[in-house]
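# Summary of structural features
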Amino acid sequence: MAGHELAIVAEGLEKSYREKKALDGLSMTVPSGTVHGVLGPNGAGKTTFVRTLATLLRVKAGRAEVAGIDVRRHPEEVRRRIGLLGQHAALDEDLSGRQNLDLFGRLYHLGTRRAAARADELLERFGLTDTGRRPVKAYSGGMRRRLDLAASFIIDPQVLFLDEPTAGLDPRGRSEVWNAVRSLVGGGTTVLLTTQYLEEADQLADRISLIDHGRVIADGTADQLKAKVGGDRIDVVVRTAGQLQAAAAVLAGVSGGAVDVDEDTRRISAPVADRMTALNHLVRALHDAGIEAEDLAVRRPTLDEVFMRLTGDGGGRPSGVREEESV
Ligand SMILES: Nc1ncnc2c1ncn2[C@@H]1O[C@H](COP(=O)(O)OP(=O)(O)OP(=O)(O)O)[C@@H](O)[C@H]1O
Ligand SMILES: [Mg+2]
């Protein structure tokens, strides 16, 4: 892998639908052979960005290169080098996985024999060999998405775009897709992956861009993003719910930052500047106030907390609670 090479370059992309700015000066670079996570809530501009890079949309302003090729000037050249797993895939429900892949292969002009061989190769690679004649409509969600992935891989793309590849899948289906994605990167493919699942970006991506309202609001590794919003946090679980407010007041005195209170788990949480000093003070202050802590921990913030901090409450929350993608 030529580590310095950039597989994706986007500069100042702008796209509006009527007054609504879907992309508002979005810029991003992705080194070859890496997985880049684009994380953002509903309507942040993820799909618009992916479709722009995949040459399916034209933007009003800005410039983008994929695999070193300008998407506006040479869209066909770009298309020859990319794969796209959209939010809505185009499989034939009544055909088997092999038949679908075979069909895609012929659509890509592989020729009958190469298309058949490629179909078998991909079934094997994505763990679908034993699906036999079963039609796609009888697949589980995870199998289906792996077949989508296989289909986007017919031409062995240099750059693969995955638009919310695990939306609507159960945890098992998700981990199947994650493994499939991991296996692609070993082959040198660059992956740009959009997601609303913080955990997913954390699991798969080398680097992450947080986007909201059509622009990047932060980027870096998961660790860097967490560090950006303040260092460590202290969590305290109190023994009885009655002590929650008193404990929150004590923690506020130690932290100086905002204290989150979760009544259900009897947990309070706040950022701290110096973990050991804060921990020492807190233990003493809780003791002095006669508050019993059941658990006490210092930890890094979760990406969820990072996102909440950077977007405020208005942008919609990119948690994993969303239901199946509406079609
Ligand atoms: N074809 C369109 N016509 C009008 N508005 C659009 C169109 N496509 C997108 N938008 C608007 O542009 C903004 C960005 O949409 P986009 O689909 O890129 O967001 P997203 O991050 O992919 O969201 P989701 O998580 O729901 O898939 C949204 O406000 C959306 O309503
Ligand atoms: Mg989308």
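Small disclaimer: the values here were computed from a predicted structure and weren't measured. (Residues numbered from 1 in each chain as written. Chains lettered and ligands numbered in written order. Predicted model: local features only at pLDDT ≥ 70, side-chain atom pairs only at ≥ 80, totals over all residues.)

### Things to note about the domain arrangement of the protein
Considered domain by domain, the protein is made up of domain 1 (6-81 + 157-227) and domain 2 (233-299). Each of domain 1 and domain 2 was reduced to a C-alpha centroid, and the two centroids are 38 Å apart. (Domains from an automatic or database assignment.)

### Notes on the sheet that holds strand E9 (residues 207-212)
A sheet is described by the order of its strands in space; here 6 strands give the open sequence E6-E7-E8-E3-E9-E10, paired in mixed fashion. Among the strands making up the open sheet, the edge pair consists of strand E6 (82-85) and strand E10 (215-220). Averaged over all pairs of adjacent strands, the angle between strand axes in this sheet comes to 15°, irrespective of strand direction. Pairing geometry for E9 and E10, over 5 bridges, is antiparallel. Note on E10: the bridge partner recorded for Ile211 is Val216. (Pairing = 2+ DSSP bridges. Helix = DSSP H or I, 4+ residues; strand = E, 2+ residues; numbered from the N terminus. Axes fitted to C-alpha atoms, helices over the stretch in contact; angles between N-to-C directions.)

### Structural notes on the confidence of the model for the protein
Of all residues in the protein, 92% attain a pLDDT of 70 or more, and the chain-wide mean is 86. The low-confidence segment residues 314-327 (pLDDT under 50) makes 23 contacts with residues lying over four places distant or belonging to another chain. (pLDDT = per-residue confidence, 0-100. Contact = placed C-beta atoms within 7 Å.)

### Considerations on helix H1 (residues 46-53)
With 6 of its 8 residues buried, H1 lies for the most part within the structure. Among the residues of H1, those classed as buried are Lys46, Thr48, Phe49, Val50, Thr52 and Leu53. Where H1 terminates, the next one or two residues include Thr55, which has phi positive at roughly 65°. (Buried ≥ 20, exposed ≤ 12 C-beta atoms within 10 Å, placed from the backbone.)

### Looking at the packing of helix H9 (residues 244-255) against helix H10 (residues 275-288)
At a minimum axis distance of 10 Å, the contact between H9 and H10 shows a crossing angle of 150°. Remark: the crossing between H9 and H10 carries right-handed chirality. Residues Ala247, Val250, Leu251, Gly253, Val254 and Ser255 of H9 pack against Ala278, His281, Leu282, Ala285 and Leu286 of H10. Along the lines of polarity and charge, the residues of the contact of H9 with H10 split into 8 nonpolar, 3 polar and no charged. (Left-handed = near helix turned anticlockwise from the far one by under 90°. Nonpolar A, V, L, I, M, F, W, Y, C, P; charged D, E, K, R; others polar.)

### Thoughts on the pairing of strand E3 (residues 35-39)
Where burial is concerned, most of E3 is hidden: 5 out of the 5 residues are buried. Here E3 shows two buried faces, one formed by Val35, Gly37 and Leu39 and the other by His36 and Val38. Relative to strand E8 (residues 190-195), E3 is paired through 5 bridges, and the arrangement is parallel. From the neighbouring strand, Gly37 faces E8, where its bridge partner is Leu193.

### Some words on the environment of Ser96
By secondary structure assignment, the location of Ser96 is in the loop between E6 and helix H3 (97-107). Residue Ser96 is classed as buried on the basis of its C-beta count, with 21 C-beta atoms lying within 10 Å. As for Ser96 and Gly132, which are separated by 36 residues in sequence, their C-alpha atoms are 7.2 Å apart. Among residues more than four places away in sequence, those in contact with Ser96 are Thr131, Gly132, Arg133, Arg134 and Pro135.

### Describing the site of ligand 1
As a matter of local geometry, ligand 1 sits amid Tyr17, Lys20, Ala22, Gly40, Asn42, Gly43, Ala44, Gly45, Lys46, Thr47, Thr48 and Gln196. Among the secondary structure elements, those contributing two or more residues to the shell around ligand 1 are strand E2 (20-31) and H1. Residue contributions to the shell around ligand 1 peak at 3 residues, all from H1. The class makeup of the residues in the shell around ligand 1 is 3 nonpolar, 7 polar and 2 charged. (Near = placed C-beta within 6 Å.)

### Some details on helix H6 (residues 171-185)
Across its 15 residues, H6 extends 21 Å between first and last C-alpha, which sits within 8% of the 21 Å expected from 1.5 Å per residue. Among the residues making up H6, those that are buried are Arg174, Glu176, Val177, Ala180, Val181 and Leu184. Relative to the axis of H6, the buried residues are bounded by an arc of 160° and lie together on one face. In H6, the exposed positions angled more than 90 degrees off the buried face are occupied by Pro171, Arg172 and Asn179. Buried residues along H6 sit against helix H5 (141-151), strand E7 (159-163), E8 and helix H7 (198-204). (Expected span 1.5 Å × (residues − 1). Arc of directions from axis to C-beta.)

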